[in-house]
Amino acid sequence: EFEAAGVDGHVLGVGLHHPFERAIRDAGYSVTTTDRALHTAAGREMLRRLLADVEPDVVHIHTEGRYLQTVLAFRRLNRRLPVVRTIHNVFDARGRWFVRRAAQALVADRLVSALIAPSPDVAENETRFGRRPQVIYNWVEDRFFDLARQRAEAAVATSAPIVIVGNCSRIKNHEVALEAALLGNLRVAHVGSEEDAGPVEEELLERLERAGL
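**Q** Help me out: how do you make sense of the overall build of the protein in this one?
**A** Tallying secondary structure elements over the protein gives eight helices and eight strands in all. Along the first, second and third principal axes, the C-alpha atoms of the protein reach 55 × 45 × 35 Å. Within the protein, the fraction of its 213 residues that count as buried is 28%. A total accessible area of about 14800 Å² is found for the protein, and carbon and sulfur atoms account for 52% of it. Mean positive and mean negative side-chain charge positions of the protein (28 and 30 charges, respectively) differ by 9 Å.

Listed below in structure tokens is the structure:
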């Protein structure tokens, strides 16, 4: 659909591991990966070369860690390039974490062109940090709305699955969904890495598997 709309995407992966690189390349995107943090001299030089090569019209930042440093890295190289930030998760930040996120938002949000949330609950959560993100729904396939209406009108079978997409980071509290699945005798499909699953989550997954769920 991007191709049909004349949109060409390039993906920059920053980190020590890039498990989705091959899949993204296979989907037709050009990809650059680096283990250099963008706020370092080596990272900024890599970014400078990349921007000169790709010449993007818009930069989309999808990050939580080093959000401020990432925005500043782009702004040091190009003050006019539109930068869009998407917030994907509902973080219940407290204590020092809350202060850190609020401070980064206070500075970095003023340097981006748009702040986007994929759902109203994410946007509402960000008001705690003084933010007013624009909501653009994550899924834009037209059939999504038809399916939602059909689901709303139909009784959900007891065998309806819970689908969890993504890694098992502690912050996501998958245990809550897994406990609910066991209580409701619901099937669970997890698409993603279980590498960071904690002992409680692993035990619940094993119980679901033994129950054929």
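Still more ground to cover, so stick around.
**Q** Help me understand a negative patch on the surface, please; the structure alone is not making it clear to me.
**A** A contiguous patch of negative charge on the surface is contributed by Glu-194, Glu-202, Glu-203, Glu-206 and Glu-209. The topology assignment puts Glu-209 in helix 8 (residues 199-210). Residue Glu-209 is classed as exposed on the basis of its relative accessible area of 64%.

**Q** Would you explain unusual backbone geometry in this entry?
**A** Peptide bonds are, in most cases, trans, and in most cases residues other than glycine have a negative phi. The phi dihedral of Asn-173 is positive, around 55°, even though this residue is not glycine. Residue position: Asn-173 is located in the loop between strand 7 (162-165) and helix 7 (174-184).

**Q** Would you take a moment to explain the packing of aromatic side chains for this structure?
**A** Given two aromatic rings, one states the distance between the centres and the angle between the planes to describe the pair. Tallying each qualifying case throughout the model produces two aromatic pairs. Ring centres of Phe-91 and Trp-97 lie 5.5 Å apart, and the angle between their planes is 65°; this geometry places the pair in the edge-to-face category. On the accessibility criterion, Trp-97 (29% relative accessible area) is partly exposed. With 4.9 Å between their ring centres and 25° between their planes, Phe-98 and Phe-129 make a pair best called stacked. Of this pair, Phe-98 sits in helix 4 (residues 95-108) while Phe-129 sits in the loop between helix 5 (120-126) and strand 6 (134-135), and the two are 31 residues apart along the sequence. A relative accessible area of 25% means that Phe-98 is categorised as partly exposed. When the ring centre of Tyr-67 is taken as reference, the NZ or CZ atom of Arg-85 above it lies at 4.1 Å. Here the basic side chain of Arg-101 rests over the ring of Phe-129, its NZ or CZ set 4.7 Å away from the ring centre.

**Q** Sorry, what's going on with the side chain of Glu-201 here?
**A** As for its placement among the helices and strands, Glu-201 is situated in helix 8. There is no salt bridge for the buried Glu-201, and the closest opposite charge comes from Lys-172, which lies 9.2 Å off by N-O distance. Among all residues touching Glu-201, those that are not within four sequence positions of it are Cys-168, His-174, Glu-175 and Leu-178.

Calculation criteria
Residues numbered from 1 in each chain as written. Predicted model: local features only at pLDDT ≥ 70, side-chain atom pairs only at ≥ 80, totals over all residues. Heavy atoms only, no water. Helix = DSSP H or I, 4+ residues; strand = E, 2+ residues; numbered from the N terminus. Buried < 20%, exposed > 50% of the residue type's maximum accessible area, 1.4 Å probe, protein only. Areas by Shrake-Rupley, 256 points an atom, 1.4 Å probe, with all protein chains shown as cover. Lys, Arg positive; Asp, Glu negative; His and termini not counted. Charge placed at Lys NZ, Arg CZ, Asp CG, Glu CD. Patch = residues over 30% accessible without salt bridge, like charges linked within 9 Å, V, L, I, M, F, W, Y side chains within 5 Å. Salt bridge = Lys/Arg side-chain N within 4 Å of Asp/Glu carboxyl O. Phe/Tyr/Trp six-rings, centres within 6.5 Å; stacked < 30°, edge-to-face > 60°. Lys NZ or Arg CZ within 6 Å of the ring centre and 35° of its normal. Contact = heavy atoms within 4.5 Å.

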